[in-house]
Amino acid sequence: MVKINEDAIRVAGFYAVSNYANLNCNRNSDNSNSTLEIAQGHIMKTHKHLYKELYSKENLILAFKKARKGKSKKAYVINFESSLENNIKSLQYDLKNNLYRPHKLKKFIIRDPKTRTIHASIFRDRIVHHAIINILQPILENKFIYDSFAGRKDKGTHQAVKRFEYFLRKVSANGRKIKQPLNNNSIRGFVLKADIKHYFATMDQEILMGILSKNIKDEELINVVKIVLENFESDNLGMGVPLGNYTSQFFANVYLNELDHFVKHKLKAKYYIRYVDDFVILHKSREVLEEYFIRIHHYLKNLRLELHPEKSGIYPLRNGITFLGYRIFYHYKLLRKRNIKYFKNKLQHKIELHNEGLIDKEHLDSFLVGWCGYAKFANTHNFRKKIINMLPL
């Protein structure tokens, strides 16, 4: 039996002695905290000789197909595919001989609805990003806890919300009311709801590389990951990953996987969910959550991160909890008012473009179908019916 040393959580220990990223624990669907019985000889299992797999023709073709998905009509994809064999050979040659260098990222601003700075890679570099994740994801996937929901197969926002509702029933003892309830939503229990402040901009690349190096001992593969990371020009050298790179969300999961294991195995929090840098912990006791809050705050210093002071706190479940675009009560879910307002404005704009002949009905229908997939997950039947009546015939 291996005893996990709390001191090993320190940042210096990430690179050598921490066991957290190597624990394949709590992947059972009921999230119970079973005893950890891990043979000592398997704790530091690593993977070598991966770089050849990275630049293999099979992997690069697969990466090309993934990078092309949903963009096959784009000019840059058509151009690359017109000389696919030569372009893949060229990319393979550069990677094999350690000559690969990514092009400078293109920066632009989007408002969707928040204002964000996006950094876009050229198509050739996107293929490399997919090729890297094709190799890393199967290795690191089983290090992630069950209740990490972003960017993973059979996960996503809807699954995270369903999991939240399951935990809501557990913590509230199936909707048991508080003393002197005001209404049917007045259930027992609390949630610690938190957000990492400027997460993508403040991830420490050296810490990330240390976490990856614990399981990946192929120096050439680690080096090409480092090259991709260093291509991002941030205000603080060695800090941050670019919003817009396919690799960034995966690395975001890898980085906060350290927090996941701290919460699950040190705090022993049973009802914990994380989606990128948003996370929640449900519990029947506010006092327990207050202790968790303090310990998480201190732990995140090891990762050079901090909680967002305006988006982190402890709230009664009876108030309804905003999570991943929904306001969740025990008996129903609503859409966030901000999201509804944004959708109405965007729909009106698209209807105007359609009336002017600038977009076709198919484009308008596609937009509406996508939104309905999100909206119908809440109690929105009448609202969706009203929206459909607004559409041009």
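Whatever comes next refers back to the structure up there.
Residues numbered from 1 in each chain as written. Predicted model: local features only at pLDDT ≥ 70, side-chain atom pairs only at ≥ 80, totals over all residues. Heavy atoms only, no water.

**Student:** Summarise the overall build of the protein chain; cite the residues concerned and give the values.
**Tutor:** Across its full length, the protein chain holds 15 helices and nine strands. Going through the 393 residues of the protein chain one by one, you find that 48% of them count as buried. Of the contacts formed within the protein chain by residues at least 6 apart in sequence, a portion of 73% connects residues at least 24 apart. On the protein chain, roughly 21,100 Å² of surface is accessible, and the fraction owed to carbon and sulfur atoms is 49%. (Helix = DSSP H or I, 4+ residues; strand = E, 2+ residues; numbered from the N terminus. Buried < 20%, exposed > 50% of the residue type's maximum accessible area, 1.4 Å probe, protein only. Contact = heavy atoms within 4.5 Å. Areas by Shrake-Rupley, 256 points an atom, 1.4 Å probe, with all protein chains shown as cover.)

**Student:** Lay out the pattern of salt bridges with the relevant residues and their values.
**Tutor:** Evaluation of the coordinates by the stated rule reveals ten salt bridges. In this structure, Arg163 engages Asp147 in a salt bridge whose closest nitrogen and oxygen atoms are separated by 2.7 Å. Note that Arg163 is positioned in helix H7 (residues 157–171) and Asp147 in the loop between helix H6 (123–140) and H7, a separation of 16 residues in sequence. Between Asp260 and Arg274 there is a salt bridge, with the nearest N and O atoms lying 2.8 Å from each other. Here Arg274 lies in strand S4 (residues 272–275) and Asp260 lies in helix H11 (residues 246–266), a separation of 14 residues in the sequence. This pair shows no difference in class: Asp260 is buried, exactly as Arg274 is. (Salt bridge = Lys/Arg side-chain N within 4 Å of Asp/Glu carboxyl O.)

**Student:** Go over the sheet that holds strand S7 (residues 321–323), please, and point to the residues and values.
**Tutor:** The strands making up a sheet associate through hydrogen bonds between their backbones, and the pairing can be parallel or antiparallel. If you walk across this open sheet you meet the three strands as S7-S8-S9, and the pairing is antiparallel. Since the sheet does not close on itself, it has two edges, and those belong to S7 and strand S9 (333–335), each with one partner. The mean inter-strand angle of the sheet, taken between neighbouring strand axes irrespective of direction, is 30°. By the bridge criterion, three bridges tie strand S8 (residues 326–328) to S9 in an arrangement that is antiparallel. (Pairing = 2+ DSSP bridges. Axes fitted to C-alpha atoms, helices over the stretch in contact; angles between N-to-C directions.)

**Student:** Help me get a handle on the packing of aromatic side chains, residues and values and all.
**Tutor:** Applying the stated criterion to the full structure yields 20 aromatic pairs. Ring plane angle 65° and centroid distance 5.7 Å describe the contact between Tyr326 and Phe377, whose orientation is recorded as edge-to-face. You can see Tyr326 sitting in strand S8 and its partner Phe377 sitting in the loop between helix H14 (361–375) and helix H15 (381–390), a full 51 residues away along the chain. Given a relative accessible area of 1%, Tyr326 falls into the buried group. Accessibility expressed as a relative area gives 18% for Phe377, which makes it buried. Clustering of aromatic rings is evident, with ring pairs tying together Phe64, Tyr76, Phe80 and Phe123. (Phe/Tyr/Trp six-rings, centres within 6.5 Å; stacked < 30°, edge-to-face > 60°.)

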